[in-house]
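Residues per chain are reported as follows:
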Amino acid sequence: MLSFILKRLFIIIPMALLVITLTWALIRIAPGSFYSGEKQLPPAIEENIKKKYGLDKPWYSQYLLMLGNVTCRTLAEGEVTKNGLQFSIGQTTVKCFDFGDSLKYQGQSVNEIIRRHLPYSVTLGILAYLLALVIGLAAGIIAALKQNSPLDYGSMALAMLGLSLPNFVLGPILVLVFALGLHWLPPARWGNLSNVILPVITLAAIYMAYIARLTRAGMLEVMRSDYIRTARAKGLNETTVLLKHGLRGGIIPVVSFTGPALAGLLAGTVVVEKVFAIPGLGNIFIQAVLNRDEPLILGIVAFLSILIMIFNLAVDISYGFLDPRIRYE
Amino acid sequence: MTNHNGTILTVNDLKTYFQTEDGIVKAVDGISFQLQKGETLGIVGESGSGKSVTNLSVMRLIPEPPGKIVNGDIIFDGIDVRELAIDEVRKIRGKRMAMIFQDPMTSLNPFLRISSQLMEVTRLHLGHNKKQAYDHAIKMLKTVGISDAEERIDSYPHEFSGGMRQRVMIAMALSCDPELLIADEPTTALDVTIQAQILELIKDLKARMGTSVILITHDLGVVAGMTEKIIVMYAGKVFEQAPTRELFATPANPYTKGLLKSVPDPAHEQGKELYQIPGLPPDVAHLPPGCPFAERCGYVQEICRTEYPPFIQINEDHHSLCHFAREVYAESVQERQAK
């Protein structure tokens, strides 16, 4: 078990490096750059800026420099930097995870920007995750138990709607109805709990629907199995049969979905944050891409990809607790 | 036929139908039998003949919908099981009548420890506390021949072999000392060597605990040494019903004769092809008007295809569903004497 976790954690390192390399390459290959705008800079100034950021060097030195910065490298004599994680071994100082300064937001490091905007996305993501899980599981279980009843058809029709409505449509509809029409909730921005409700519902809808459908399918499958018949033959009541014997097997498909879902919820707040004008990581990410803010794009992509890999690992570990037949090697 | 001191189970004209896209499937269509206390009844038939559905009906375990018990009485020790509220049925299930299923690989919950699956029965029905239930579970595992019960009780089902799992199933079924044990093909999924062990175990426990047993199987060899009487089922109906010895010696139904002939005989002449009943069991959703076995029967006459056969009484305990039951019986008696 422990060696499995260590192995999987270790694999994250090359995977993350691969993601960073690809992202870096894509930004470079795409036409244009941070400095190509409507306003042409005088050639002398552009030269100076490029020199400052090391953009005058050949691409491979730039790549290696970037790689050193985002992983770990020793600081040169007299070099001073406030970014990243720093520690000293004897005379030499080692610096890690430095994604540099944002090009757009002068004087702010990428790490700092992520740290500042992450809490909004995390709050939204976790709340949406919990909502999707609770409502999705409950709806799925009820639908499975009352198969082919109006309750089943109703909840599955709603789930279908949730799956088919993209969040950039659902968000504005919710705003129109509950904010602009009924005046129950604020239409946008961040502040107190009432600001959170609409974006969380918008964000959770598709996951809720998906979890409900997975739960229903999983439960229907399990409730037909032989060991459920055995449990009934023992004289157990339906609630015990369902919760003690059925649920664990029934929610395994849901568990495999929740890892990617949680990562998707944290990373996928992009549209919702835009719709509701929330200064989260997604909003910043869009800005960074539009601005061609290379260090910031790289930082956010690296951060989110590592997050996704860790969540997937967490899911794989949780299988073992659900299903005793699963062994880790 | 030992200690007959009353009837434990009476099934009278039981009909269990399933609603399918293909029409109504009459899985069980007018089954009647009686089981005396301490007796073992064998129910024999091919797949889809309605053996399992009969017994699931007795336990009221038919999934509804699509299934439904549409007619008949199920009287268990004077209680009309069909009329009981489902909560009352649950008090009987697992306590007074218990069931062992065919496939021990899938019939135990793979997610729960053996201990917890054993303990929940006695905690529910006998009001055991945790400690009592745990001790009882160990005792039961030892009873079914798992000697290192203390070490193995907290294992998961996948850590047991098939035969061991079936032992666990039996331990579970017998934990509350039920009056009726229904064993639905208990050895079908097991190795031949293990089959004998499990049958011996059931036989032995039955003798010790005085349980009445219904043994469902498609293997005539299994019921031969185990049962006092046998019901042969075909297409949801009782084709023949007789004491075991009589059924084997002088069958009065062409289908039973066919089944007996298809049992491999160790003294079988080498090179001679093994007998098998021609054709396949009929689709119970679309039964012909006459005898459901007519198409496969060697004795078939014109009347078999047009008229449903009568249930003819050969002697006190012997009945057969066939137009020519008496003739078939006479032939069997002759063959018997010729040997």
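What counts, and where the lines are drawn
Residues numbered from 1 in each chain as written. Chains lettered and ligands numbered in written order. Predicted model: local features only at pLDDT ≥ 70, side-chain atom pairs only at ≥ 80, totals over all residues. Heavy atoms only, no water. Phe/Tyr/Trp six-rings, centres within 6.5 Å; stacked < 30°, edge-to-face > 60°. Helix = DSSP H or I, 4+ residues; strand = E, 2+ residues; numbered from the N terminus. Buried < 20%, exposed > 50% of the residue type's maximum accessible area, 1.4 Å probe, protein only. pLDDT = per-residue confidence, 0-100. Core = buried A, V, L, I, M, F, W, Y, C linked by side-chain atoms within 4.5 Å. Contact = heavy atoms within 4.5 Å.

(A) Spatial organisation of the packing of aromatic side chains. Inspection of every chain in the model, using the stated rule, returns 11 aromatic pairs over all chains. Residues Trp24 of chain A and Tyr63 of chain A carry aromatic rings whose centres are separated by 5.1 Å and whose planes lie at 50° to one another, so their mutual orientation is tilted. Of this pair, Trp24 of chain A sits in helix α1 (residues 2–29) while Tyr63 of chain A sits in helix α3 (residues 59–70), placing them 39 residues apart in sequence. Both residues of the pair, Trp24 of chain A and Tyr63 of chain A, belong to the buried class. Taken together through their ring pairs, the aromatic side chains of Tyr234, Phe239, Tyr255 and Phe293 of chain B make up a single cluster.

(B) Structural detail: the confidence of the model for chain A. For chain A, per-residue confidence averages 83 on the pLDDT scale, and residues scoring 70 or more make up 96% of the total. Between the elements of chain A, mean pLDDT differs from a low of 76, seen in strand β2 (residues 85–89) of chain A, to a high of 89, seen in helix α8 (residues 226–233) of chain A.

(C) Geometry of the nonpolar core. Among the nonpolar cores identified, the biggest contains 94 residues, and Leu9, Ile170 and Ile214 of chain B are the most heavily contacted of them. For Ile214 of chain B, the residues in contact, after removing those within four places along its chain, are Leu9, Phe33, Leu35, Leu41, Ile43, Asn55, Leu180, Leu181, Ile182 and Ala183 of chain B. The next biggest cluster of nonpolar side chains, apart from the first, holds 71 residues, and it includes Leu203, Ala261, Leu266 and Leu304 of chain A.

(D) Layout of unusual backbone geometry. Residues and elements named next belong to chain A. With a phi close to 50°, Ala277 is a non-glycine residue in the positive phi region. Tracing the backbone shows Ala277 in the loop between α11 (270–275) and α12 (281–291). Phi is positive for Arg292, close to 55°, though the residue is something other than glycine. Note that Arg292 resides in the loop between α12 and α13 (294–322).

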